[in-house]
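Structural features, examined
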Amino acid sequence: MRTVIYPGSFDPFTNGHLDLVERAAKLFDRVIVAVADNDTKRPLFTVAERRRMAARVLKPLANVEVDAFAGLLVDYAQRRGACAVIRGLRAVSDFEFEFQMALMNRKLNQRLETIFMMPKGAYTFLSSKLVKEVARLGGEVSPFVPAHVEKALKAKLKPRRR
Ligand code: PNS
């Protein structure tokens, strides 16, 4: 049984993330989408919300589960019996940080492999950060995220009456 972890902030989960999970689910017996509980990034959504949003869209994929983790990724991967971690590479600009992270993780656990996967070309410009910015400024995000994520963004970013 080959298990792979797909870690990330998923703040929020986008169609680009979904594309990658679908690809990984064809290659591995089990894919664990692991939502990082990392407050230093000041996420818009709580871990529970990010986890719920991802789980809702991934429900039809039988060999995919959604979990949350805190602490070192390598420790979590070991606890879950994963042989590899997948990360998405959209463009050369992603490469430097991803390369550093992969090599640091290898230093921490040399048995854990990092596998880079490319999303569908149409998603190479897509990031959670940009989706949040577009939503915040009132732009249309329906092509980039599942419908329930769009709804959650609207609810979260709704201007508060004073
Ligand atoms: O979606 P993101 O924000 O690019 O994901 C980054 C993430 C969560 C994968 C990374 O920050 C991480 O692995 N955090 C866990 C803590 C850890 O292991 N840090 C050392 C990584 S070299």
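Bear in mind the structure is a predicted one, so any value in this text is a computation, not a measurement. (Residues numbered from 1 in each chain as written. Predicted model: local features only at pLDDT ≥ 70, side-chain atom pairs only at ≥ 80, totals over all residues. Heavy atoms only, no water.)

1. A closer look at the site of the ligand
Contacts to the ligand come from 13 residues, most closely from S9, K41, L73, R87 and M101. The separation between an oxygen atom of the ligand and a polar side-chain atom of K41 is 2.4 Å. Calculation on the ligand without its partners gives an accessible area of 550 Å², and the protein chains cover 76% of this total. For the shell around the ligand, the secondary structure elements donating two or more residues are β1 (3-8) and α4 (92-108). At 3 residues, α4 tops the list of elements feeding residues into the shell around the ligand. Considered class by class, the residues forming the shell around the ligand number 7 nonpolar, 4 polar and 2 charged. (Near = heavy atom within 4 Å. Polar contact = N/O pair within 3.5 Å; in protein donor to acceptor, adjacent residues only side chain to side chain. Areas by Shrake-Rupley, 256 points an atom, 1.4 Å probe, with all protein chains shown as cover. Helix = DSSP H or I, 4+ residues; strand = E, 2+ residues; numbered from the N terminus. Nonpolar A, V, L, I, M, F, W, Y, C, P; charged D, E, K, R; others polar.)

2. As for the pairing of strand β5 (residues 113-117)
Of the strand pairs in this sheet, strand β4 (residues 84-88) and β5 are connected by 5 bridges, and their pairing is parallel. The residue of β5 that forms the bridge with V85 is T114. For the crossover from β4 across α4 to β5, the handedness is right-handed. (Pairing = 2+ DSSP bridges. Right-handed = clockwise from strand over helix to strand, strands pointing away.)

3. So, the nonpolar core
Proteins that are soluble and globular tend to have nonpolar side chains buried together. Residues Y6, F13, V21, V31, V33, L58 and V64 are the most contacted members of the largest nonpolar core, which totals 22 residues. Residue assignment for this core shows that the elements contributing at least two residues are β1, α1 (15-27), β2 (30-36), α2 (47-58), β3 (64-69) and β4. With 5 residues, the single largest contributor to this core is α1. Each residue touching V31, except ones within four places of it in the same chain, is listed here: V4, Y6, V21, A24, A25, N63, V64 and E65. (Core = buried A, V, L, I, M, F, W, Y, C linked by side-chain atoms within 4.5 Å. Buried < 20%, exposed > 50% of the residue type's maximum accessible area, 1.4 Å probe, protein only. Contact = heavy atoms within 4.5 Å.)

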